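Each chain, letter by letter, is given below.
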Amino acid sequence: MPVRTGVRFEDVAQDGDGVLVTLREGDELVRERADVLVGADGVQSAVRERLWPSGGPLLWSGIRMWRGVAEGEQIMDGATVLVGGSNRAGKFVTYHISARNPRLINWVAEVKVDEPGVVSAADWYRRGSSAEVSAHFASWKFRLADIGALLSATDRILEYPMVDRDPLPQWRQGRVTLLGDAAHPMYPIGSNGGSQAVLDARVLARCLATHDDAERGLAAYEEERRPPTSALVLAHRALPIEETITLVTERAPNGFGGIREVLSEEELAAMADAQRSISDADVRALNERESWSV
Ligand SMILES: Cc1cc2nc3c(=O)[nH]c(=O)nc-3n(C[C@H](O)[C@H](O)[C@H](O)COP(=O)(O)OP(=O)(O)OC[C@H]3O[C@@H](n4cnc5c(N)ncnc54)[C@H](O)[C@@H]3O)c2cc1C
């Protein structure tokens, strides 16, 4: 079946044999029959809304995020993520994103601007204000990076509220299920949302291929993927790295020469282990694990 772009999911009905999906294509409504429907339609999923209309609103942390791409001086070895500040007040993150253009730097700025609460929308492509982000960060100049210069060199800034949703107790209804951000939107601060969506898709494909009955395949997929992704959603609300940054700020409010002046070896190791269990892949375990191919 070819990929079709430009169609919007509107509704779904199902019987024992399959699903009948209503899609909007321009001004027209079209209907398609299929064995199953997988809602992979992102943080504001219409499929999730159709399945679980009271399944949890968008929850805003009170943190506003801005991001942009600009050319700048190489930061350290060109392969290091530089994090300054804390997302309880203001945080700035930079990393290089192109081997072909080593000057290209992606940046993300986070500022706590409000108390946590429910919001109705979370648009990734909302234009951000350069003046607003500069008001918080233009004066930041580290030995390793000039944040003000990076902001001045950025043409286009995007703004996004840091949102997630409470984990659902169930994804599937019959032959319809959810995947990726539609199923488990999480704060985009642990490098996990996109990766987890890919893992969902890989497990889903295997479960559908290894079960003759489509509903059983979808149930097996949910059994494998819902518990770990639900735990990740909650873990991203208090990442070990954020807790550690807060602890360092409390212990050394006037700065420090080296991190070992502030944290013991045991504390550093515990933080690294805790963070790795959530955010950074265990490469060896990944390479040694049996392939999911069927
Ligand atoms: C600032 C920021 C930084 C991030 N950094 C990282 C990172 O470093 N690493 C990482 O792994 N993840 C990161 N993420 C998260 C990652 O981008 C998402 O988790 C990932 O894109 C989710 O993929 P998805 O396919 O589930 O949803 P999406 O990528 O949102 O795709 C959903 C698709 O569904 C379409 N759609 C919406 N409504 C409908 C409808 N009614 N009918 C049909 N189609 C519809 C949309 O047009 C879109 O194409 C970041 C996110 C943000 C905002």
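Our subject is the structure that appears above.
Residues numbered from 1 in each chain as written. Predicted model: local features only at pLDDT ≥ 70, side-chain atom pairs only at ≥ 80, totals over all residues. Heavy atoms only, no water.

Some thoughts on the packing of aromatic side chains
Counted according to the given criterion, the structure contains six aromatic pairs. Relative to Phe-142, the ring of Trp-140 lies with its centre 5.8 Å away and its plane at 65 degrees, an arrangement referred to as edge-to-face. Looking at Trp-140, the relative accessible area reads 21%, which means it is partly exposed. A network of ring pairs unites the aromatic residues Phe-92, Trp-107, Phe-137, Trp-140 and Phe-142 as a single cluster. Above the plane of the ring of Trp-292 lies Arg-289, whose end atom (NZ or CZ) is 4.0 Å from the centre. (Phe/Tyr/Trp six-rings, centres within 6.5 Å; stacked < 30°, edge-to-face > 60°. Buried < 20%, exposed > 50% of the residue type's maximum accessible area, 1.4 Å probe, protein only. Lys NZ or Arg CZ within 6 Å of the ring centre and 35° of its normal.)

Comments concerning unusual backbone geometry
A positive phi angle, close to 50 degrees, is found at Met-76, a residue other than glycine. Located in the positive-phi region is Ser-191, a residue other than glycine, with phi close to 55 degrees. Here Ser-191 shows up in the loop between β12 (176–178) and α4 (193–210). (Helix = DSSP H or I, 4+ residues; strand = E, 2+ residues; numbered from the N terminus.)

Focus: the sheet that holds strand β2 (residues 18–25)
Ordered in space as β1-β2-β3, the three strands form an open sheet in which the pairing is antiparallel. Across the chains shown, the open sheet's two edge strands, defined by having one partner strand only, are β1 (7–15) and β3 (28–34). For this sheet the average axis-to-axis angle between neighbouring strands, irrespective of direction, equals 25 degrees. Alignment of β1 against β2, held across eight bridges, turns out to be antiparallel. If you follow Val-7 over to β2, its bridge partner there is Glu-25. (Pairing = 2+ DSSP bridges. Axes fitted to C-alpha atoms, helices over the stretch in contact; angles between N-to-C directions.)

A short note on the site of the ligand
Close to the ligand lie 18 residues; Phe-9, Trp-124, Asp-181, Gly-193 and Gly-194 are nearest. Residue Asp-181 places a side-chain N or O atom 2.8 Å away from an oxygen atom belonging to the ligand. In the environment of the ligand, an oxygen atom lies 3.4 Å from a nitrogen or oxygen atom belonging to the backbone of Gly-193. Put simply, the parts of the chain that give the shell around the ligand at least two residues each are β1 and α4. Tallied by class, the residues present in the shell around the ligand amount to seven nonpolar, seven polar and four charged. Taken domain by domain, the makeup of the shell around the ligand includes at least three residues from each of domain 1 (7–56 + 165–236) and domain 2 (58–164). (Near = heavy atom within 4 Å. Polar contact = N/O pair within 3.5 Å; in protein donor to acceptor, adjacent residues only side chain to side chain. Nonpolar A, V, L, I, M, F, W, Y, C, P; charged D, E, K, R; others polar. Domains from an automatic or database assignment.)

Thoughts on the side chain of Thr-177
Considering the arrangement of structural elements, one finds Thr-177 in strand β12. Here Thr-177 is in contact with Leu-37, Val-38, Gly-39, Val-47, Trp-171, Arg-172, Leu-218 and Tyr-221, once residues within four sequence places are set aside. (Contact = heavy atoms within 4.5 Å.)

Remarks on a nonpolar patch on the surface
On the surface, Val-69, Val-81, Val-83, Tyr-95 and Ile-97 cluster together into a nonpolar patch covering about 400 Å² of accessible area. Its place among the elements puts Val-83 in strand β6 (residues 82–85). Given a relative accessible area of 43%, Val-83 falls into the partly exposed group. (Patch = residues over 30% accessible without salt bridge, like charges linked within 9 Å, V, L, I, M, F, W, Y side chains within 5 Å. Areas by Shrake-Rupley, 256 points an atom, 1.4 Å probe, with all protein chains shown as cover. Salt bridge = Lys/Arg side-chain N within 4 Å of Asp/Glu carboxyl O.)

Some points on the packing of α4 against helix α5 (residues 214–235)
Running from amino to carboxyl end, α4 crosses α5 at an angle of 155 degrees, the nearest separation of the two axes being 8 Å. Here α4 lies roughly antiparallel to α5, going by the angle between them. Taken as a pair, α4 and α5 cross one another with a handedness that is right-handed. Across the interface between the two elements, Gln-196, Leu-199, Asp-200, Val-203, Leu-204, Arg-206, Cys-207 and Leu-208 from α4 touch Ala-214, Gly-217, Leu-218, Ala-220, Tyr-221, Glu-224, Arg-225, Thr-229 and Leu-232 from α5. For the contact of α4 with α5, a count of residues per class yields 10 nonpolar, three polar and four charged. (Parallel < 35°, antiparallel > 145°, perpendicular 65-115°, else oblique. Left-handed = near helix turned anticlockwise from the far one by under 90°.)

With respect to the pattern of salt bridges
Under the definition given, this model contains 22 salt bridges. The closest approach of N and O atoms between Glu-132 and Arg-64, which form a salt bridge, is 2.8 Å. Of the two residues, Glu-132 is situated in helix α2 (residues 130–137) and Arg-64 in strand β5 (residues 58–71); the sequence distance between them amounts to 68 residues. The residue Asp-273 makes a salt bridge to Arg-276 at a minimum N-O spacing of 3.4 Å. Here the residue Asp-273 and the residue Arg-276 both occupy positions in helix α7 (residues 265–278), the gap between them amounting to three residues, near one helical turn. Each of Arg-64, Arg-126, Glu-132 and Glu-159 takes part in salt bridges that share partners, so that together they form one network.

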